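Here are the chains, one letter per residue:
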Amino acid sequence: MADLQVQDPLPYQLVYDLYVEAVLDAANAVPLIVPAVGRDDNPYEILGAVDGLLLTGSASNVEPHFYGGEPSEAGTLHDPRRDRTVMPLIRKAVAFGIPVFGICRGFQEMNVAFGGSLWQKLHEVPGHDDHRPRRDLPFERQYDIKHEVSLEPGGKLHALADATTALVNTRHAQGVRKLGDGLVVEARSKDGVVEAFRVRNASSFALGVQWHPEWRAAEDPFSRAIFGAFGAACRSGFG
């Protein structure tokens with residue numbers, strides 16, 4: 001899923017190459033970039049052209065009116081065309097048995113699409129840690145800072161990791177406030193933040209993670225396993 005970004009001064013449809021490489025190398029699939037067209041009348045055309053839906057991370061946040069949240073702080077980056085494109089897609093994709101994998105913003109989009117809400121500044125919520133990246137570090141090092149998450153017994157991530165815990169990176173300011181309807185927690189951080197969930201009654205892969213498994217996905221066994229499961233679901237004829 002692309003972002004609409006303005007760069008000097010033209011608008012571009014952009015996807016970070018990390019996601020392209022992860023799909024190619026770890027999911028063993030061919031990425032097809034879906035533009036943020038900003039229309040809600042074409043989800044069937046989009047879903048008819050893909051075998052799976054990867055909801056990528058982004059520097060922008062979901063507009064809070066989608067979940068009844070308070071207005072964002074001035075200067076917050078939004079992408080209303082992406083919001084209007086992706087929100088109709090998520091539930092329809094799951095209903096049709098099309099695999100869905102949400103990462104960071106995509107994780108938050110999935111939660112909102114299923115009726116959940118978000119904390120806009122998780123670090124200001126009492127009892128929660130600061131999950132934002134360390135801006136004093138070089139960009140590459142920011143992805144290397146990791147914390148432990150507990151994997152729910154019997155969940156998909158528990159099976160993929162073959163462990164009860166995992167180390168994941170952390171680069172987010174927002175977080176799940178109210179979990180969406182029909183979503184089941186797959187992982188939590190030590191401060192209780194929901195770090196992953198699945199759609200309970202989905203007939204195919206339908207998973208969201210708050211962290212960034214696309215970072216060096218081919219080198220990290222857990223990340224590779226997640227992308228591999230997504231790719232296998234895409235190749236299986238929708239479940």
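Rules of the game
Residues numbered from 1 in each chain as written. Predicted model: local features only at pLDDT ≥ 70, side-chain atom pairs only at ≥ 80, totals over all residues. Heavy atoms only, no water. Core = buried A, V, L, I, M, F, W, Y, C linked by side-chain atoms within 4.5 Å. Buried < 20%, exposed > 50% of the residue type's maximum accessible area, 1.4 Å probe, protein only. Helix = DSSP H or I, 4+ residues; strand = E, 2+ residues; numbered from the N terminus. Contact = heavy atoms within 4.5 Å. Polar contact = N/O pair within 3.5 Å; in protein donor to acceptor, adjacent residues only side chain to side chain. Phe/Tyr/Trp six-rings, centres within 6.5 Å; stacked < 30°, edge-to-face > 60°.

Chemist: Please give an account of the nonpolar core that cites residues and values.
Modeler: Within the largest apolar cluster, 29 residues are counted, with the highest numbers of intra-cluster contacts made by Leu55, Ile90, Val100, Met110, Phe114, Phe197 and Val199. At the level of elements, helix 2 (43–47), strand 3 (53–55), helix 3 (80–95), helix 4 (105–113), strand 9 (183–189) and strand 10 (194–199) are the ones that each hand at least two residues to this core. Here this core takes six residues from helix 3, the largest share from any one element. Among residues more than four places away in sequence, those in contact with Ile90 are Leu55, Glu109, Met110, Ala113 and Phe114. Ranked by size, the runner-up nonpolar core spans 28 residues in total, among them Ala22, Phe101, Leu157 and Ile226.

Chemist: Describe the side chain of Ser60, naming the residues involved and giving the relevant values.
Modeler: Topologically, Ser60 is positioned in the loop between strand 3 and helix 3. A distance of 3.0 Å separates a polar atom in the side chain of Ser60 from a polar atom in the side chain of Ser58. Not counting the four nearest positions on each side in its chain, Ser60 is found in contact with Leu77, His78, Asp79 and Arg105.

Chemist: So what's going on with the environment of His128? Which residues, and what values?
Modeler: Structurally, His128 can be placed in the loop between strand 5 (117–119) and helix 5 (139–142). Residue His128 is classed as partly exposed on the basis of its relative accessible area, which comes to 23%. A C-alpha to C-alpha distance of 22 Å links His128 and Met110, two positions 18 residues apart in sequence. Not counting residues up to four positions away in its chain, the partners in contact with His128 are Trp119, Leu122, Asp191 and Val193.

Chemist: Outline the environment of Trp211, listing residues and values.
Modeler: Here Trp211 is to be found in the loop between strand 11 (206–209) and helix 7 (221–235). Sequence separation between Trp211 and Gly57 is 154 residues, and the spatial gap between their C-alpha atoms is 9.1 Å. Contacts of Trp211, omitting those with residues within four sequence positions, involve Ile103, Cys104, Leu157, Val168, Asn169, Ala187, Glu195, Ala196, Phe222 and Ile226.

Chemist: Describe the side chain of Thr85, and please don't skip the residues or the numbers.
Modeler: Note that Thr85 resides in helix 3. Judged by relative accessible area, which is 2%, Thr85 ranks as buried. Among the polar contacts made by the side chain of Thr85, one reaches the main-chain amide nitrogen of Val37 at a distance of 3.0 Å.

Chemist: I'd like to hear about unusual backbone geometry, residue by residue, with values.
Modeler: The residue after Asp8, namely Pro9, is reached through a cis peptide bond having omega -20°. Among the structural elements, Pro9 can be located in the loop between strand 1 (3–7) and strand 2 (10–14). One non-glycine residue, Cys104, lies in the positive phi region at around 55°. Phi angles above zero are rare outside glycine, and Arg216 is one such case at about 55°. Since its relative accessible area comes to 40%, Arg216 is described here as partly exposed.

Chemist: Which residues make up the packing of aromatic side chains, and what values do they have?
Modeler: Overall, the coordinates contain six aromatic pairs when judged by the stated rule. Residues Phe107 and Phe197 carry aromatic rings whose centres are separated by 4.5 Å and whose planes lie at 20° to one another, so their mutual orientation is stacked. Taken together, the positions of Phe107 in helix 4 and Phe197 in strand 10 put the pair 90 residues apart, joining distant regions of the chain. Phe197 carries the same exposure label as Phe107, and that label is buried. Of the aromatic side chains, those joined through ring pairs into one cluster are Phe101, Phe205, Phe227 and Phe230.

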